[in-house]
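Structure assessment
Here is what each chain is made of, one letter per residue.
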Amino acid sequence: MAEKNENEGNAWYNVLQRIDRRIISLVVFLLVSIPFFVSIPVRMEISPVVKSLYDKVEMIAEENKRSGEEKVVLLAMAWSPSVKAENEPQTAAMIEHLFRRGVKFILMSHVLPEGPLMAERIAETTAKRLGKKYGEDWVNFGYRRMATADFRAFVEDIYVMIEKDFRGTPIRDVPVMKNVSSLRDVALVFCVTGSSAHYWWIFYAQPVVRCDIGVGVTAIIGPEVRPLIDAGQVVGMMEGLSGAAQYEQLLKNPARGTRGMASQNLVHLWVIVAMALGNIGYVMERRRRKERMKELE
Amino acid sequence: MHATYAMMILIGVFCGPIVYYILVARAGRQIYIRPIPGLSAIDEAVGRATEMGRPVLYSTGLSYLNIIGLCSVAILSHVARLAARYDLRIVVPVNTYLLYPIAEESVREAYADEGKLDLFNAEDVLYVPGQFPYAAAVVGLMHREKPAANFFFGYFAAESLILAEAGSQVGAIQVAGTPDILQLPFFITACDYTIIGEEYYAATAYLTREPTMIGSLRGQDMGKVVMTTFVVLMFVFAILMGIWPGVFRSNWIVEMLLR
Amino acid sequence: MRRYLIMVLTFVGGLYFFLEFVLPEETGISDMVAEIGKVTLVIGGFAFLLGVINLLRLHTAKITMRRPGYHNSIALMVALFFMVIVHLWKYYANADDDDSVMRIYNLLWDRIRVPIDSTIFSLLAFYIVSAAYRSFRIKSAEAALMMGTAVIVMLGQIPMGQKVTLWLKGYETSPDWWWLAQVRVDTIREWLMQVMNAAAQRGIILGAAVGALALSMRIWLSLERGSFFDRQ
């Protein structure tokens, strides 16, 4: 009887349920690494939420051209190196789009200090390629810690909280800030975050200045933003790496997001396969158990 | 940013029943609240740690000094008191500098109240800043200290699954509670008991069974009933607007509420 | 006496912010908000110092008493002081990109801090896969439904998954079979996320928000009880 039980334990359906987590992790590692060496083409269907964000930036560019007004976009960089894999391609895609369409933008963060630093590097690299200049095409306020009260004051009047950019230049002397004094002069706030930093803009900025808000968030946070899109509080979203890849596809500029999607592609398939294996084993074990119960009766 | 008429109505809708039921509960009426398995399991988990002679780990996550953090410290106080009663060590890694002195004081006083101040070790309440440094530190703690029970109460972000899986690997019984929706799937998958959404805020009421607090729980449920009824009525109204737009108009409602 | 003082201060503090929210701006009650914000930042600064002192105290004790793992404490202290010194030097020297201090700073940041942070986050990928494999079992009809939904959402997110039903897009212009074009994994995924998920999110958000409101009221009115609050 004990021998029979031991054989049951080693039965293929039980083995399927007990695959060592090291093997599972090893397969993940291999699947993530393969696209580094083998080029896997990625072509995605564009999600409506990504398209609406893209269309919003296009609309701002067209409006600026038509009216000659030069509204700017504020990029709130509330992300840190830990979420770089998802948020960096989103930031890069948005900066590329804004540079291409000649829409000036502001980089800043009041939540995490690393975001504006990493975004500045992206902006400088992209600017070199597209012939853009700091001060005329973008400005970086850097990190300025703000509590709720400070943030509310900032929303009404930017100059109350920010005097200089991250290079030490008074922001009144920066050409980008020529027609900008409060968030009312900002056409879009694009918040890139791996946490809940977008709520600052939705709760404290939007009710006051009625600005449009777009977000670039990690895939984990994406579901939380969906009700906000439904309610019209958020105009569009880049959700995780796939959101960035879709945005790059709209720009016809495959970059980090698209390259990363190849790895994500394979790992998602492995998750489905692993779950299927576990469940095949589980269902077969249940069936065998029922058969044994019948035999004993 | 100031309240619109809609906000003021909502404040009345939610706060009114809370105040009413607090008064009702204080008047002596018995109010039933359903069992919350996760909170009942706290005693069981500490008991298991006592039997195994291993410490207890309590993580406040990334909680800041707000109601989530304060609620976490309140539950920590309860757990620390139980740990002190059974002569157990409790290890408390804290991520936020604002919450750290409160957590340390709370654990110290829990031990003092049980007359076991000599068992309290200030080094067991650690300050570990940064999200992923915190996760790495807690995982290391779990593998070294091998706690028999892990408690995760507070605000958690992406590190939640790292903590829960590491705890599962060392074989600890795990109870998690967070009001944040996004981490619930990870806690439900990896922990033995999970406390969801408003159950987290009800923890202190549930653990103390104080009539005032039970009354406020009933009051908040009644507020939700009123709100849900209103949502259903507006849903019906929206359908009627679609069918008879000339008869059912929404403009005056919207204008009044947004003023 | 201490208890009553705390109750009064808590009530007055909460009352101010409540009135500031409900009363219109014309009353001038919002003018103090910025100043109060600065006070909280200053208090936060003191608390931050306390946290750093705790770190130093803990790890210095570990090093001097040669407790197990003290070499990790040495690494932490060296890294802490080195980073602080380099940052202060960079700041006060107004360093350019070519300066040696900037190169050291960039090395510490780009080559150490950023990869380490990303590495710990990337552990999630392995944990998620192993947790999904271990926990997703079709034990009931609801579990089967959940798993089916999970598979559709995952497939709808990746190019290879979307390709499975991409051919249905060709029916978009068909007068009789146009609806087939909507039965693709990516459109179903979008519907699940935007409609079903949003509804569930709203339900939990409403419950949690009301719970937070009730707890806030209890704390404001000093009605909260429990080991921690009783003592306050």
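Every chain's residues receive numbers from 1 upward, in the order its sequence appears when written. Working convention: letters from A go to chains and numbers from 1 go to ligands, in the order in which they are written. Local features in this predicted model are restricted to residues of pLDDT 70 or higher, and side-chain atom pairs are both shown and tallied only at a pLDDT of 80 or more, whereas totals for entire chains, interfaces and linings draw on every residue.

1. Remarks on the overall build of chain A
This is how the line gets drawn: Comment: elements are numbered from the N terminus, with helices defined as DSSP H or I runs of at least four residues and strands as E runs of at least two. Exposed residues have 12 or fewer other C-beta atoms within 10 Å of their own C-beta, buried residues have 20 or more, and residues in between are partly exposed; the C-beta atoms are placed from the backbone. Two residues qualify as a contact pair if the distance between their C-beta atoms, derived from the backbone, is within 7 Å.
Regarding its fold elements, chain A presents twelve helices and six strands. Overall size of chain A, expressed as C-alpha extent along the three principal axes, is 85 × 40 × 35 Å. A burial count over chain A gives 47% of its 297 residues as buried. Counting contacts in chain A only where the partners sit at least 6 residues apart, residues at least 24 apart contribute 72% of the total.

2. Notes on the overall build of chain B
Each helix and strand counted, chain B has eleven helices and six strands in total. For chain B, the C-alpha atoms occupy an extent of roughly 75 × 45 × 30 Å along the three principal directions. Looking at chain B as a whole, 51% of its 259 residues qualify as buried. Taking as baseline every contact in chain B between residues at least 6 positions apart, the subset at least 24 positions apart corresponds to 74%.

3. With respect to the domain arrangement of chain A
What counts, and what does not: Residue ranges for the domains trace back to a domain assignment, done automatically or taken from a database.
Along its sequence, chain A is carved into domain 1 (13-39 + 262-296) and domain 2 (48-253). Relative placement of domain 1 of chain A and domain 2 of chain A: their C-alpha centres are 41 Å apart.

4. Some words on the interface of chain C and chain B
Quick reminder of the rule: Residues were grouped as follows: Ala, Val, Leu, Ile, Met, Phe, Trp, Tyr, Cys and Pro as nonpolar; Asp, Glu, Lys and Arg as charged; and all remaining residues, including Gly, as polar.
Counting residues at the interface gives 45 residues for chain C and 52 residues for chain B. For the side of chain C that touches chain B, the secondary structure elements donating two or more residues are α1 (2-22), α2 (33-64), α4 (100-135), α7 (185-220) and α8 (227-231) of chain C. Here the side of chain C that touches chain B is built from residues that sort into 29 nonpolar, ten polar and six charged.

5. Overview of the nonpolar core
The test is simple: As used throughout, a nonpolar core is a set of buried Ala, Val, Leu, Ile, Met, Phe, Trp, Tyr and Cys residues joined through C-beta atoms within 7 Å of each other.
If you look at the biggest cluster of nonpolar residues, it comprises 198 residues, and the most contacted ones within it are A:Val73, A:Leu75, A:Ala76 and B:Val79. If one sorts the elements of this core by residue count, helix α3 (residues 67-85) of chain B sits on top with twelve residues. With sequence-adjacent residues up to four places away left out, A:Val73 is seen in contact with A:Ile60, A:Leu98, A:Val103, A:Phe105, A:Val186, A:Ala187, A:Leu188 and A:Phe190.

6. Section: the pairing of strand β1 (residues 56-61) of chain B
All names here are of chain B. For clarity, the cut-off: Here, a strand pair is defined by DSSP locating no fewer than two bridges between the strands. By the criterion used throughout, a crossover qualifies as right-handed when its path from the first strand across the helix to the second strand runs clockwise, the strands pointing away from the viewer.
β1 sits mainly inside the fold: six of its six residues count as buried. Both faces of β1 are covered, namely the face carrying Val 56, Tyr 58 and Thr 60 and the face carrying Leu 57, Ser 59 and Gly 61. As judged from the two bridges shared by β1 and strand β2 (residues 90-94), these two strands associate in the parallel manner. Looking at β2, one finds that Leu 57 is bridged to Val 91. The parallel pair β1 and β2, bridged by α3, forms a crossover whose chirality is right-handed.

7. Regarding the sheet that holds strand β3 (residues 125-127) of chain B
Residues and elements named next belong to chain B. Rules: Helix axes are fitted only over the stretch in contact, all axes being lines through C-alpha atoms; the angle between N-to-C directions runs from 0 to 180 degrees.
The parallel open sheet is built from six strands, whose spatial order is β3-β2-β1-β4-β5-β6. Both outer strands of the open sheet, β3 and β6 (193-196), are each paired with one neighbouring strand and no more. On average, each strand axis in the sheet is inclined to that of its neighbour by 15°, with strand direction left out of account. Contacts from helix α4 (residues 100-113) reach β1, β2 and β3 within the one sheet, and its direction differs from that of β2 by about 170°. Here helix α5 (residues 131-145) sits on the sheet and contacts β1 and β2; the angle it forms with β2, its principal contact strand, is near 165°.

8. Comments concerning the interface of chain C and chain A
Tallying the contact residues gives 37 residues for chain C and 44 residues for chain A. Per-element tally for the side of chain C that touches chain A: the top contributor is α4(C), with twelve residues. Broken down by class, the residue content of the side of chain C that touches chain A amounts to 22 nonpolar, nine polar and six charged.

9. A closer look at the sheet that holds strand β4 (residues 186-193) of chain A
Residue and element names in this part refer to chain A. What the six strands build is an open sheet, ordered β3-β2-β1-β4-β5-β6; its pairing is parallel. Two strands in the sheet have a free side with no partner beyond their single neighbour: β3 (138-143) and β6 (236-239). When strand polarity is set aside, the average angle formed by the axes of neighbouring strands in this sheet is 15°. In terms of strand pairing, strand β2 (residues 105-109) meets β3 through five bridges, oriented parallel. Opposite Leu 107, over in β3, you have Asn 140 as the bridge partner. The strands touched by helix α6 (residues 114-130) within the sheet are β1 (72-78), β2 and β3, with β2 carrying the most contacts at an inclination of about 150°.

10. Topic: the environment of B:Gly177
All names here are of chain B. If you trace the backbone, Gly 177 turns up in strand β5 (residues 173-178). Take Gly 177: there are 30 C-beta atoms within 10 Å of it, and that puts it in the buried class. Residues Gly 177 and Tyr 201 lie 24 residues apart in sequence; the distance between their C-alpha atoms is 9.4 Å. Beyond its immediate stretch of four places on either side in the chain, Gly 177 contacts Gly 38, Phe 153, Ile 195, Glu 199, Tyr 200 and Ala 203.

11. As for the domain arrangement of chain B
Domain boundaries assigned for chain B yield domain 1 (5-32 + 211-258) and domain 2 (37-201). Taken over C-alpha atoms, the centre of domain 1 of chain B sits 36 Å from the centre of domain 2 of chain B.

12. So, α4(C)
Put simply, the rule reads: Each helix should span, by expectation, one fewer than its residue count multiplied by 1.5 Å. Here the bend at a residue is taken as the angle between two axes, fitted respectively to the seven residues that end there and the seven that start there.
An ideal rise of 1.5 Å per residue puts 52 Å on 36 residues; α4(C) measures up with 52 Å between its terminal C-alpha atoms. Maximal helix bending in α4(C) amounts to about 25°, located at C:Arg113; proline C:Pro115 follows within four positions.

13. Regarding the packing of helix α10 (residues 222-230) of chain A against α7(C)
Defined as follows: Oblique is the label for any angle not under 35 degrees, not over 145, and not in the 65 to 115 range, which are roughly parallel, roughly antiparallel and roughly perpendicular in turn.
Where α10(A) contacts α7(C), the two axes come as close as 8 Å, and the packing angle between them is 100°. What the angle tells us is that α10(A) and α7(C) run roughly perpendicular. On α7(C), the residues that touch A:Pro223, A:Glu224, A:Arg226, A:Pro227 and A:Asp230 of α10(A) are C:Met193, C:Gln194, C:Asn197, C:Ala198, C:Gln201 and C:Arg202. Residue classes in the contact of α10(A) with α7(C) are distributed as four nonpolar, three polar and four charged.

14. Thoughts on unusual backbone geometry
If you check the backbone angles, A:Lys252 has positive phi at about 55° while not being a glycine. Classification of A:Lys252 as exposed rests on a count of 6 C-beta atoms within 10 Å.

15. Brief notes about the packing of α3(B) against α4(B)
Residues and elements named next belong to chain B. To be explicit about the condition: Left-handed describes a crossing whose near helix is turned anticlockwise from the far helix by less than a right angle; the clockwise case is right-handed.
One way to put it is that α3 packs onto α4 with a least axis distance of 8 Å and a crossing angle of 35°. Every pair of crossing elements has a handedness; the one defined by α3 and α4 is right-handed. Touching Val 73, Leu 76, Ser 77, Ala 80, Arg 81 and Ala 84 of α3 are Ile 102, Ala 103, Ser 106, Val 107, Ala 110, Tyr 111 and Asp 113, all from α4. By residue class, the composition of the contact of α3 with α4 is nine nonpolar, two polar and two charged.

16. Some points on the confidence of the model for chain B
Test applied: The pLDDT value tells you how sure the predictor is about a given residue, anywhere from 0 up to 100.
Residues of chain B with pLDDT of at least 70 account for 95%, and the chain-wide mean is 89. Scored by ipTM, the complex comes to 0.84, with pTM at 0.85.

17. Some details on the pairing of β2(B)
All names here are of chain B. Here β2 lies mainly inside the structure; five of its five residues are buried. Where burial is concerned, the two faces of β2 agree: the one with Ile 90, Val 92 and Val 94 and the one with Val 91 and Pro 93 are both buried. Crossover connection from β2 via α4 to parallel β3: handedness right-handed.

18. Notes on helix α5 (residues 84-101) of chain A
All names here are of chain A. Taking 1.5 Å as the rise per residue, α5 with 18 residues should run 26 Å; its terminal C-alpha atoms sit 25 Å apart, in good agreement. The buried fraction of α5 is high, at 16 of 18 residues. Phi turns positive, to about 70°, at Gly 102, one or two residues after α5.

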